[in-house]
Amino acid sequence: MLTEPLGVYLNDHLAGSVAALRMMDELAERERGKPLEATLRALHAEVSEEQGVLRELLARIETDENRLKQAAAWVAEKVGQGKLALSARTHPDLATLQGLESLVLGLHGKLSLYRALGEIALSDQRLAGYDFHALAGRTLEQQTMVEGERVTAARSALRSAAREQTPDN
């Protein structure tokens with residue numbers, strides 16, 4: 001049983017990254033051929049790379065990956081994916097908006113992770129050699145980019161919904 005708080009924390013974020021990558025795949029597939037697809041594929045590559053950092057950190061602190069947490073994240077992602085698929089049938093723009101909002105929230109969590117690790121790295125040699133400040137900066141850039149896409153999606157989704165609600169004159 002996993003008991004070290006750092007190991008639990010890293011495993012929680014690893015599980016979150018698994019769900020986020022699947023969400024990016026789903027959204028990119030739905031946006032095939034549109035500019036958002038390329039954005040999501042690039043973000044996927046960066047988050048995959050950072051997932052490797054989490055795995056390295058787990059190995060450094062001699063903690064195994066928690067497959068149960070990853071399975072739970074997979075199930076939660078599948079439920080979310082089902083919800084988005086239902087939305088996409090009637091309101092595809094709304095489904096994109098909701099997916100991007102989920103990614104923004106996940107990126108906020110990742111930013112918190114890197115800031116916390118940066119703080120404890122000062123006193124925990126197992127975390128030496130990682131530039132958590134740079135990783136946090138990269139995450140801020142990712143968050144800004146996804147937030148811009150989210151705002152664009154909101155305009156599209158919510159304007160079209162408002163037009164559908166407007167009675168004809």
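As shown above, the structure is provided for reference.
Structure report, in brief. Note that the structure is predicted; figures quoted are calculated from it, not measured.

What counts and how
- Residues numbered from 1 in each chain as written.
- Predicted model: local features only at pLDDT ≥ 70, side-chain atom pairs only at ≥ 80, totals over all residues.
- Heavy atoms only, no water.
- Helix = DSSP H or I, 4+ residues; strand = E, 2+ residues; numbered from the N terminus.
- Buried < 20%, exposed > 50% of the residue type's maximum accessible area, 1.4 Å probe, protein only.
- Contact = heavy atoms within 4.5 Å.
- Areas by Shrake-Rupley, 256 points an atom, 1.4 Å probe, with all protein chains shown as cover.
- Polar contact = N/O pair within 3.5 Å; in protein donor to acceptor, adjacent residues only side chain to side chain.
- Expected span 1.5 Å × (residues − 1).
- Phe/Tyr/Trp six-rings, centres within 6.5 Å; stacked < 30°, edge-to-face > 60°.
- Salt bridge = Lys/Arg side-chain N within 4 Å of Asp/Glu carboxyl O.
- Axes fitted to C-alpha atoms, helices over the stretch in contact; angles between N-to-C directions.
- Parallel < 35°, antiparallel > 145°, perpendicular 65-115°, else oblique.
- Left-handed = near helix turned anticlockwise from the far one by under 90°.
- Nonpolar A, V, L, I, M, F, W, Y, C, P; charged D, E, K, R; others polar.

1. What about the overall build of the protein chain?
- The helix and strand inventory of the protein chain stands at 5 helices and 0 strands.
- Shown N-terminal to C-terminal, the secondary structure of the protein chain runs as helices and strands in the order α-α-α-α-α.
- Across the 169 residues in the protein chain, those meeting the buried criterion constitute 39%.
- Taking as baseline every contact in the protein chain between residues at least 6 positions apart, the subset at least 24 positions apart corresponds to 80%.
- Carbon and sulfur atoms make up 57% of the accessible area of the protein chain, which totals about 9600 Å².

2. Observations concerning unusual backbone geometry
- The backbone of Glu 62 sits at a positive phi, close to 55°, despite the residue not being glycine.
- Among the secondary structure elements, Glu 62 is positioned in the loop between helix 2 (35-60) and helix 3 (67-90).
- Note on Glu 62: relative accessible area 75%, which makes it exposed.

3. Remarks on the side chain of Thr 63
- Note that Thr 63 resides in the loop between helix 2 and helix 3.
- A residue is classified by how much of its surface remains accessible, and Thr 63, at 11% relative accessible area, is buried.
- Within the structure, Thr 63 has its side chain in polar contact with the backbone oxygen of Ile 61 (distance 3.4 Å).

4. A look at helix 2
- The terminal C-alpha atoms of helix 2 lie 39 Å apart, and with 26 residues this matches the ideal 38 Å at 1.5 Å per residue to within 8%.
- Buried within helix 2 we find Leu 36, Glu 37, Leu 40, Leu 43, His 44, Val 47, Glu 50, Gln 51, Val 53, Leu 54, Leu 57 and Leu 58.
- A positive backbone phi angle near 55° is found at Glu 62, which sits one or two residues after helix 2.

5. Description of the side chain of Glu 31
- Residue placement: Glu 31 occurs in the loop between helix 1 (5-30) and helix 2.
- Setting aside its immediate chain neighbours within four residues, Glu 31 contacts Leu 36, Glu 37 and Thr 96.

6. A word on the packing of aromatic side chains
- Evaluated as defined, the whole model comprises 1 aromatic pair.
- Aromatic pair Tyr 130 and Phe 132: ring centres 5.8 Å apart, planes at 25°, arrangement stacked. Pair check on accessibility: Tyr 130 and Phe 132 agree, each one buried.

7. Looking at the environment of Glu 141
- Mapped onto the elements of the fold, Glu 141 is located in helix 5 (residues 132-165).
- By relative accessible area, Glu 141 is classed as exposed at 59%.
- When the C-alpha positions of Glu 141 and Leu 107 are compared, they lie 9.9 Å apart, and in sequence the two are 34 residues distant.

8. Notes on the pattern of salt bridges
- The tally for this structure, following the rule as stated, stands at 13 salt bridges.
- The closest approach of N and O atoms between Glu 4 and Arg 126, which form a salt bridge, is 2.8 Å. Of the two residues, Glu 4 sits in the segment before helix 1 while Arg 126 sits in the loop between helix 4 (92-120) and helix 5, which places them 122 residues apart along the sequence.
- You can call Arg 126 partly exposed: its relative accessible area is 29%.
- Here Arg 126 ties to Asp 124 by a salt bridge, and the two come within 2.8 Å at their closest N and O atoms.
- Here the salt bridges do not stand alone but share partners, grouping Glu 46, Glu 49, Glu 50, Lys 110 and Arg 138 into one network.

9. Description of the packing of helix 1 against helix 4
- Two numbers describe how helix 1 lies on helix 4: the axes approach to 10 Å, and their chain directions differ by 150°. Relative to helix 4, the element helix 1 lies roughly antiparallel. Viewed along their axes, helix 1 and helix 4 form a crossing whose handedness is left-handed.
- Per-class residue counts for the contact of helix 1 with helix 4 are 14 nonpolar, 6 polar and 2 charged.

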